[in-house]
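Architecture and fold: a report
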There are 4 protein chains.
Amino acid sequence: MQMHFDIVPGSPVPIYRQIVEQLRRQVAGGQCQPGDELPSVRALALQHAINPMTVSKAYSLLEAEGLLERRRGVGMAVAATRHRTDAPTPTQLLRPTLREAAQQARELGLDASTALSLFAQCLQDAMPDERQDPGSPSA
Amino acid sequence: MQMHFDIVPGSPVPIYRQIVEQLRRQVAGGQCQPGDELPSVRALALQHAINPMTVSKAYSLLEAEGLLERRRGVGMAVAATRHRTDAPTPTQLLRPTLREAAQQARELGLDASTALSLFAQCLQDAMPDERQDPGSPSA
Amino acid sequence: MQMHFDIVPGSPVPIYRQIVEQLRRQVAGGQCQPGDELPSVRALALQHAINPMTVSKAYSLLEAEGLLERRRGVGMAVAATRHRTDAPTPTQLLRPTLREAAQQARELGLDASTALSLFAQCLQDAMPDERQDPGSPSA
Amino acid sequence: MQMHFDIVPGSPVPIYRQIVEQLRRQVAGGQCQPGDELPSVRALALQHAINPMTVSKAYSLLEAEGLLERRRGVGMAVAATRHRTDAPTPTQLLRPTLREAAQQARELGLDASTALSLFAQCLQDAMPDERQDPGSPSA
DNA sequence: GTGGTCTAGACCACG
DNA sequence: GTGGTCTAGACCACA
């Protein structure tokens, strides 16, 4: 599968962190399988018109985390699962964001049902082609 | 109503921004009415053991935004709505966070129903006492 | 074009505000084009012998206003017009000052023609080299 | 003649200063004659819903300046001219404001004729009933 | 009492 | 290199 990253240069979240977190999620969700190769630092940098050092920093963090492994002369690839002792599940990764959203909803005086239906809209927008595919395990 | 702020000193989001965003939401949600007076810079700084300038920075930004107005010699108060060009609704303020969450859910390979039920849990945790009176949950 | 600021340290108008207002006017007047880079915080602070935080405060306000945008690792630049909700015209920015002056003239019992000729003098003093090329008066 | 003040509580210029400067101008322009009595501190404060201390501060400054004199048991009145050695003329008082406006016009890239016609508009708005009354001497 | 401004200096995050 | 954040402390302006 071809690795893909959504990079938003103007975002408040730093670029290297966008890369790190997106890859974490894709691995946790099974979109990336062990052995999948990543685009080279230079290629990714060129593609998104960002600094190669930024890409390199992201890759290094992911390698230190055990999610990526460096293959001499070839590039980076998704590491085998055994290298990662603590593989977070998709729900573990999503929960902090949702907790923050729930807290905001409370401060905004919204009730739960309003917030839920708003989230349902956003989910539809984000997954236009989803049917009832239970492809990934919900921990 | 007595103004209240949840300050998390170690958070990645800067303190002054926590204040700014919480007050934005409280105003949008109607928890703060125009004319409500805010705690003084010094009081809020003492209460949370932070530097007065940090509080002052938050207040100044909110004043520049038109959400607060300075009453010289008295303090700051929530500004009348007419001073604000665009009064965002609670829904408008929550949507970006939920969109981000939906995007993450997609990257994690979670389906919509899983994400929704996870969010429902978070909402219950955030609003422990909500029943059919969403107006003023007494802490 | 090289960005330039006239800073008067002893003025009743605070330094950070001098920067903010001058840049607002230069942008409104087209002296600054979108994409133009600003002097770095440290450089401007050194040049005028003021504290970097003072410059930073001005830049931050202008960014919050949508007039400037941060380019991480590079510096600040004049933002594209679309980032600004309302781009005030030079006339709109000058009118409040002139209204104030007219009000003062009235209180002083001066008639319109006297006030106008006085203003004409001031304009000549302020624009010594203006002829029929209002576009780029070379200093 | 009945003394009148335009007080704008939300203005950036402090209230006491609004009073001081308006009276300076009215005296310089001859709108106030020596002997004219001022409203009492309490009356002015009540009328504009401001703090009596603010009015008092303004009156004290004007007394120190020699523009007002305190009449025991009666109140303040415009002082005789002989108490003021340096009576500024109307044009002297207006020029700083116009110089500032001219400077702003330059920064805005406006040419002199545009600025002048804009000022002419403002003058008309400020003096709706003026004909060709040369009542006050232009120094 | 209120907030505002500025300074000096430290430390961090980003590219 | 860039800007951001926070602190500590001083001094001022306003009501």
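Definitions and limits used
- Residues numbered from 1 in each chain as written.
- Chains lettered and ligands numbered in written order.
- Predicted model: local features only at pLDDT ≥ 70, side-chain atom pairs only at ≥ 80, totals over all residues.
- Heavy atoms only, no water.
- Helix = DSSP H or I, 4+ residues; strand = E, 2+ residues; numbered from the N terminus.
- Contact = heavy atoms within 4.5 Å.
- Areas by Shrake-Rupley, 256 points an atom, 1.4 Å probe, with all protein chains shown as cover.
- Domains from an automatic or database assignment.
- Near = heavy atom within 4 Å.
- Polar contact = N/O pair within 3.5 Å; in protein donor to acceptor, adjacent residues only side chain to side chain.
- Salt bridge = Lys/Arg side-chain N within 4 Å of Asp/Glu carboxyl O.
- Buried < 20%, exposed > 50% of the residue type's maximum accessible area, 1.4 Å probe, protein only.
- Least-squares fit on C-alpha atoms with pLDDT ≥ 70 in both.
- Pairing = 2+ DSSP bridges.
- Phe/Tyr/Trp six-rings, centres within 6.5 Å; stacked < 30°, edge-to-face > 60°.
- Lys NZ or Arg CZ within 6 Å of the ring centre and 35° of its normal.
- Buried area = accessible area lost by both parts, 1.4 Å probe.
- Axes fitted to C-alpha atoms, helices over the stretch in contact; angles between N-to-C directions.
- Parallel < 35°, antiparallel > 145°, perpendicular 65-115°, else oblique.
- Left-handed = near helix turned anticlockwise from the far one by under 90°.
- Nonpolar A, V, L, I, M, F, W, Y, C, P; charged D, E, K, R; others polar.

Going by what an unreviewed UniProt entry lists, chain A is known as GntR family transcriptional regulator and is assigned to Pseudaquabacterium inlustre.

Take the overall build of chain A next. Regarding its fold elements, chain A presents five helices and two strands. Mapped in sequence order, the helices and strands of chain A form the string α-α-α-β-β-α-α. Once local pairs closer than 6 in sequence are excluded, the contacts in chain A between residues at least 24 apart make up 54%. Just so you have it, chain A exposes about 7,700 Å², and 51% of that area is on carbon and sulfur atoms.

The next point concerns the domain arrangement of chain A. For chain A, the domain assignment lists domain 1 (15–78) and domain 2 (90–126). Computed over C-alpha atoms only, the centres of domain 1 of chain A and domain 2 of chain A are separated by 29 Å.

We now examine the protein's contact with DNA strand E. Inspection of the region around DNA strand E gives 25 residues, with Pro 14 and Tyr 16 of chain A, Arg 42 and Met 53 of chain B together with Ile 15 of chain C positioned closest. One of the side-chain nitrogen or oxygen atoms of Arg 42 of chain B is found 2.7 Å away from a base nitrogen of DNA strand E. One of the side-chain nitrogen or oxygen atoms of Arg 70 of chain B is found 2.9 Å away from a phosphate oxygen of DNA strand E. Within the residue set of the surface near DNA strand E, elements represented by two or more residues are helix H1 (15–28) of chain A, helix H2 (41–48) and helix H3 (52–64) of chain B together with helix H1 (15–28) and helix H3 (52–64) of chain C.

With that settled, consider the pattern of salt bridges. Per the stated rule, a full pass over the model turns up 21 salt bridges over all chains. Notably, a salt bridge pairs Asp 6 of chain B with Arg 106 of chain A, separated by 4.0 Å at the nearest N-O pair. Of this pair, Asp 6 of chain B sits in the segment before helix H1 (15–28) while Arg 106 of chain A sits in helix H4 (residues 90–107), on two different chains. The exposure class assigned to Asp 6 of chain B is partly exposed, which follows from its relative accessible area of 35%. We classify Arg 106 of chain A as partly exposed; its relative accessible area is 34%. Across the pair Glu 21 of chain D and Arg 17 of chain D runs a salt bridge whose closest N-O atoms are separated by 3.5 Å. Taken together, the positions of Glu 21 of chain D and Arg 17 of chain D, both in helix H1 (residues 15–28) and four residues apart, correspond to about one turn of that helix.

Around DNA strand F, the surrounding shell holds 25 residues, and the nearest of these are Ile 15 of chain B, Arg 42 and Met 53 of chain C together with Pro 14 and Tyr 16 of chain D. In DNA strand F, atoms within 4 Å of the protein come 71% from sugar and phosphate. With respect to DNA strand F, the side chain of Thr 54 of chain B contributes an N or O atom lying 2.9 Å from a phosphate oxygen. Listing elements by their share of the surface near DNA strand F, those giving two or more residues are H1 and H3 of chain B, helix H2 (41–48) and H3 of chain C together with H1 of chain D.

Let us look at the relation of the copies chain A and chain B. Note on the copies: chain A fits chain B at an RMSD of 0.5 Å, the axial shift is 0.2 Å, and the rotation between them is 177°. Viewed as a symmetry operation, the transformation between the two copies matches a two-fold axis. Scanning chain A for the C-alpha nearest the rotation axis identifies Leu 116 of chain A, at a separation of 3.4 Å. A high fraction, 93%, of the interface residues of chain A reappear at the interface in chain B, so the copies pair face to face through one surface.

Here the focus is the environment of Arg 17 of chain A. Taking relative accessible area as the criterion, Arg 17 of chain A reaches 36% and is therefore assigned partly exposed. Separated by 110 residues in the primary sequence, Arg 17 of chain A and Met 127 of chain A place their C-alpha atoms 23 Å from one another.

To continue, consider the pairing of strand E2 (residues 75–78) of chain A. Residue and element names in this part refer to chain A. Direction of pairing for strand E1 (residues 68–71) relative to E2: antiparallel, over a ladder of four bridges. What sits directly across from Glu 69, in E2, is Ala 77. Turn length for the E1-E2 hairpin, with the two strands adjacent in sequence and antiparallel, is three residues, and the turn residue Gly 73 shows positive phi of about 75°.

Let us look at the packing of aromatic side chains. Throughout the structure, instances matching the rule amount to two aromatic pairs over all chains. Between Phe 119 of chain A and Phe 119 of chain B the ring centres are 5.0 Å apart and the planes differ by 75°, which places this aromatic pair in the edge-to-face class. Placement of the pair is Phe 119 of chain A in helix H5 (residues 112–126) and Phe 119 of chain B in helix H5 (residues 112–126), with the two residues belonging to separate chains. Comparing Phe 119 of chain A with Phe 119 of chain B shows no difference in burial state: the two are buried. Across the ring face of Tyr 16 of chain A, the terminal group of Lys 57 of chain A is positioned such that the distance to the ring centre comes to 4.4 Å.

The next point concerns the interface of chain A and chain B. With 42 residues of chain A at the contact, the number on the chain B side is 40 residues. When the two sides are added together, the surface that chain A and chain B hide from each other amounts to roughly 4,100 Å², 67% of it contributed by carbon and sulfur. Its largest share of buried area at the contact with chain B, chain A owes to Arg 25, Glu 107 and Leu 108 of chain A, together 17% of the area lost on that side. Connecting chain A to chain B are three salt bridges. A salt bridge links Arg 25 of chain A to Glu 107 of chain B; its shortest N-O distance comes to 2.6 Å. Connecting chain A to chain B are 10 residue pairs in polar contact (both at pLDDT 80 or more). Elements supplying a minimum of two residues to the side of chain A that touches chain B: H1, H4 and H5 of chain A.

Structurally, Met 127 of chain B is set in the segment after H5. Residue classification places Met 127 of chain B among the buried residues on the basis of a relative accessible area of 9%. Beyond its immediate stretch of four places on either side in the chain, Met 127 of chain B contacts Ala 102, Ala 105, Arg 106, Leu 110 and Ala 112 of chain A.

This paragraph deals with the side chain of Gln 18 of chain D. Mapped onto the secondary structure, Gln 18 of chain D falls in helix H1. Not counting residues within four places of it along the chain, the set of residues in contact with Gln 18 of chain D comprises Asp 6, Ile 7, Val 8, Ser 11 and Val 13 of chain D.

Further remarks concern the packing of helix H4 (residues 90–107) of chain C against helix H4 (residues 90–107) of chain D. Where H4 of chain C meets H4 of chain D, the closest approach of the two axes is 10 Å, and the angle between their N-to-C directions is 165°. The orientation of H4 of chain C relative to H4 of chain D falls into the category roughly antiparallel. The way H4 of chain C lies across H4 of chain D gives a crossing that is left-handed. Residues Leu 93, Leu 94, Thr 97, Leu 98, Ala 101, Gln 104 and Ala 105 of chain C of H4 of chain C form the contact with H4 of chain D, whose own contacting residues are Leu 93, Leu 94, Thr 97, Leu 98, Ala 101, Gln 104 and Ala 105 of chain D. Grouping the constituent residues of the contact of H4 of chain C with H4 of chain D by class yields 10 nonpolar, four polar and no charged.

Let's shift gears to the environment of Leu 98 of chain C. Within the secondary structure, Leu 98 of chain C sits in helix H4. For the pair Leu 98 of chain C and Ser 117 of chain C, spaced 19 residues apart in sequence, the C-alpha separation works out to 14 Å. Ignoring any residue separated from it by four or fewer positions in sequence, one finds Leu 98 of chain C in contact with Phe 119 of chain C together with Ala 101, Ala 115, Leu 118, Phe 119 and Cys 122 of chain D.

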